[in-house]
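Below are the chains, spelled out letter by letter.
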Amino acid sequence: MRALSCDVLIVGAGIAGLTAFNELSRHGVHVLCVEARDRIGGRIFTIEDPYSPLPIELGPEFIHGLPPETWELVRPAKLAVYDCEERSVHIRDGKAVGHGDAWEQIDQITDEMKRVAATGADISFLEFIGGVRQPQSTKDLATSYVEGFNAAHNERISVASLAQDAKASETIDGDRTFRIASGYKALPEFLLKTSAEGDSKLRLNTVVSSVDWTPSHAQVEARSTLTDATFQIESRRVIITVPLGVLKAPKDEVGAIVFNPVPINITSALESLEFGNVTRLVFQFKDAWWQNHDRLSDTGFWLSDEKFFPTWWTTLPMRTPLLTGWSAGPHTDELLGQSKPVIVSRALGDLSRISKLKATELEEQLEAVHFHDWHADPFSRGAYSYVRAGAFRNRAALELPVENTLFFAGEATELNGHGGTVHGARATGRRSARQVLESLR
């Protein structure tokens, strides 16, 4: 069994892992970053389709607000970024309903959530919304939004965490959204490009299976997916940045990591989190037929009460024939494990009721469908994390080093209201790098 050695091993080359890699390599630390996939970026997954007018995003698509963690990469990388059209329409039973923008109705519920959370309550959203005095249509819209945006089940997600997220979003103008014209993958590519050359290396197609550790030393077993060869990595520090779904995977599953000994404080803190699921489809039509539609033209987001895909968005202000369907939380439960044709059929059915066009008409217009099964992906096992009701205060250990040897990063370990976001993940990568540097001194 071959052996490698380094000062710091980083497991995962998503945005958190690459941020830590960039910071540590620039401080002259001997770093090895290993990634199970054959690409960097983790859940950032941009596809370049020569027949598409824009890059296709199968993972994160939007920059939410003005978080410095993201914009301090955008500016030096000289990336073109444009504002998205936030105007939305709420469609119920196939008809546009409500007065004013749908986001305004959701904001009313958010304000009430903050008031409830300020009392110290950490109830589920389901319990909270049951006591809200608003029209049922507004409550239904807010529930669908919470389930969709957070990939959560309303009976499980913490209102205290939702209130914290809302406050954190306000500090970065989170009600504004932007897209990167060249695709989100430009961020991890820039991080890798600007990392210091030298002893630090990135190794793809490398799956970590176990971490045996004592204070200031770890022996890690890994396998190459290209050659199937198994080897060991000796390291003084290990930064784990894999998704929550991987951390919680049964030990005999592909991609699972076995720790010996088990970091009890970390595993206990992980129980306070749930890992949501998302099914996302990007439809590429022959033309943007909705631009001739009275209710749907000139709106960026369509929010509906459909069973599987209640949320859709266009690429406005860019006028393209691309349309994204979003199914999350309980809406996607019945889609998990289904084949792509079945999922596409469900989406076309929902879109047909929203648009009042026959599903056969939509299918005739369809040129391509882009899809990645994040639930079945062994190195993701879902979308992103959310906080379980009643467990809001049980997560502190996630941002603390374990015996100055194990460090955990990634969006699930972000405790300041930016979990589930790219900028939140990047903040944790920076935090872990800083902690490692302090421990090495």
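Let me sum up the structure you'll find in this document. Treat the numbers as computed from the prediction; the structure is a model and nothing was measured.

Rules behind the numbers
Residue indices begin from 1 for each chain and proceed along its sequence in written order. Local features are withheld for residues below a pLDDT of 70 in this predicted model, meaning they are given only at 70 or higher, and side-chain atom pairs are given and counted only at 80 or more; totals for whole chains, interfaces and linings count all residues. Side-chain measures here rest on the full set of heavy atoms in the structure, leaving out hydrogens and waters. Helix and strand labels come from DSSP, where a helix needs a run of H or I of at least four residues and a strand needs a run of E of at least two; each type is numbered from the N terminus. The cut-offs for exposure are 20% and 50% of the maximum accessible area for each residue type, with area from a 1.4 Å probe on protein chains only; residues under the lower value are buried, those over the upper are exposed, and the others partly exposed. For the area figures, the Shrake-Rupley method with a 1.4 Å probe applies, and any residue is considered shielded solely by the protein chains shown. Two residue types count as positive, namely Lys and Arg, and two as negative, namely Asp and Glu; His and chain ends fall outside the count. Each charge is placed at NZ for Lys, CZ for Arg, CG for Asp and CD for Glu. Any two strands are treated as partners once DSSP identifies two or more bridges connecting them. Only C-alpha atoms enter the line fits that serve as axes; for helices the fit covers just the stretch in contact. Angles between N-to-C directions range over 0 to 180 degrees. With a 1 Å grid spanning the protein atoms alone, the term cavity applies to any set of points in which a 1.4 Å probe fits but cannot get out, the term pocket to an open set with protein on both sides within 12 Å along at least five of seven lines, and the term lining residue to any residue with an atom within 4 Å of a point. Grid points are joined across faces, edges and corners, and a volume is the space filled by probe spheres set on the points. Oblique is the label for any angle not covered by the other classes, which are roughly parallel (under 35 degrees), roughly antiparallel (over 145) and roughly perpendicular (65 to 115). Crossings are assigned a handedness: left-handed for a near helix turned anticlockwise from the far helix by less than a right angle, right-handed for a clockwise turn. A contact between two residues is defined here by any heavy atoms of the two lying within 4.5 Å. When residues are grouped by polarity, Ala, Val, Leu, Ile, Met, Phe, Trp, Tyr, Cys and Pro land in nonpolar, Asp, Glu, Lys and Arg in charged, and all others, Gly among them, in polar. An expected span of 1.5 Å times one less than the residue number is assigned to each helix. Whenever a nitrogen or oxygen atom comes within 3.5 Å of another N or O atom, the pair is scored as a polar contact, on the condition that within protein one atom can donate a hydrogen and the other can accept it, and that pairs from neighbouring residues in sequence are kept only if both atoms are in side chains. We define the nonpolar core as a collection of buried residues of types Ala, Val, Leu, Ile, Met, Phe, Trp, Tyr and Cys that are connected through side-chain atoms lying within 4.5 Å of one another.

This part is about the overall build of the protein. From N to C terminus, the protein includes 12 helices and 22 strands. C-alpha atoms of the protein, sized along the principal axes, occupy 65 × 55 × 40 Å. Buried positions account for 57% of the 441 residues belonging to the protein. Looking at the protein as shown, the accessible area adds up to about 18700 Å², and 49% of this sits on carbon and sulfur atoms. Taken as two groups, the 46 positive and 58 negative side-chain charges of the protein have centres that lie 2 Å from each other.

One open sheet holds the three strands; their spatial order is 5-9-6, and the pairing between them is antiparallel. Strands at the two margins of the open sheet, each flanked by one partner only, are strand 5 (63-64) and strand 6 (81-83). Here strand 6 pairs with strand 9 (residues 177-180) via three bridges, running antiparallel. Across the sheet, the residue bridging to V81 is I180, located in strand 9.

A word on the sheet that holds strand 16 (residues 278-285). Here seven strands make up an open sheet; going across it, the order is 8-7-17-18-19-16-20 and the pairing mixed. Looking at strand neighbours, the two that pair on one side only are strand 8 (95-97) and strand 20 (366-371), the edges of this open sheet. Strand after strand, the sheet turns through a mean of 25 degrees between neighbouring axes, direction not considered. Judged from the three bridges that link them, strand 7 (residues 88-92) and strand 8 form a sheet pairing that is antiparallel. Within the sheet, the bridge partner assigned to R92 lies in strand 8 and is K95.

The rolling of a water-molecule-sized probe over the atoms marks out the regions of remaining empty space. Considering all chains together, one arrives at four cavities of 30 Å³ or more under this definition. Here the largest cavity is characterised by a volume of approximately 170 Å³. As for the largest cavity, its lining consists of 15 residues, and the residues nearest its centre are L54, P55, E57, E61 and R179. Contributing elements (two or more residues each) for the lining of the largest cavity: strand 4 (56-57), strand 9, strand 16 and strand 19 (322-328).

Let's shift gears to the packing of helix 1 (residues 15-26) against helix 7 (residues 186-193). Axis separation between helix 1 and helix 7 bottoms out at 9 Å; the angle between their running directions is 20 degrees. The angle between the axes of helix 1 and helix 7 places the two elements in the roughly parallel class. The interaxial crossing formed by helix 1 with helix 7 has left-handed handedness. Of helix 7, the residues touching helix 1 (which contributes I15, L18, T19, F21 and N22) are L187, P188, L191 and L192. Per-class residue counts for the contact of helix 1 with helix 7 are seven nonpolar, two polar and no charged.

The next point concerns helix 5 (residues 136-150). With 15 residues, helix 5 extends 21 Å from end C-alpha to end C-alpha; this agrees with the ideal 21 Å at 1.5 Å per step. Those residues of helix 5 lying buried are T138, K139, L141, A142, T143, S144, V146, E147, G148 and N150. A positive phi of about 50 degrees marks A151, the residue just after helix 5.

This next bit is on the side chain of T279. Along the chain, the position of T279 falls in strand 16. One polar contact links T279 to T332, side chain to side chain, over a distance of 2.4 Å. In this structure T279 touches F309, G325, W326, S327, T332, L335, I343 and F371, once residues within four positions along its chain are discounted.

Taken as a whole, the second largest pocket holds about 270 Å³ of empty space. Lining the second largest pocket are 16 residues, with L247, I257, F259, V262 and T267 sitting closest to its centre. Residue assignment for the lining of the second largest pocket shows that the elements contributing at least two residues are strand 14 (258-260) and helix 9 (264-270). If you tally residues by element for the lining of the second largest pocket, the top one is helix 9, at three residues.

A few words now on the nonpolar core. The biggest cluster of nonpolar side chains holds 34 residues, and the ones touching the most others in it are I10, L24, L187 and I239. Considering each element in turn, this core owes the most residues, six residues, to helix 1. Apart from the residues lying within four places of it in its own chain, the contact partners of L24 are V8, I10, V29, V31, I239, A433, V436 and L437. Grouped together as the second largest cluster of nonpolar side chains are 33 residues, L9, I240, V387 and L406 included.

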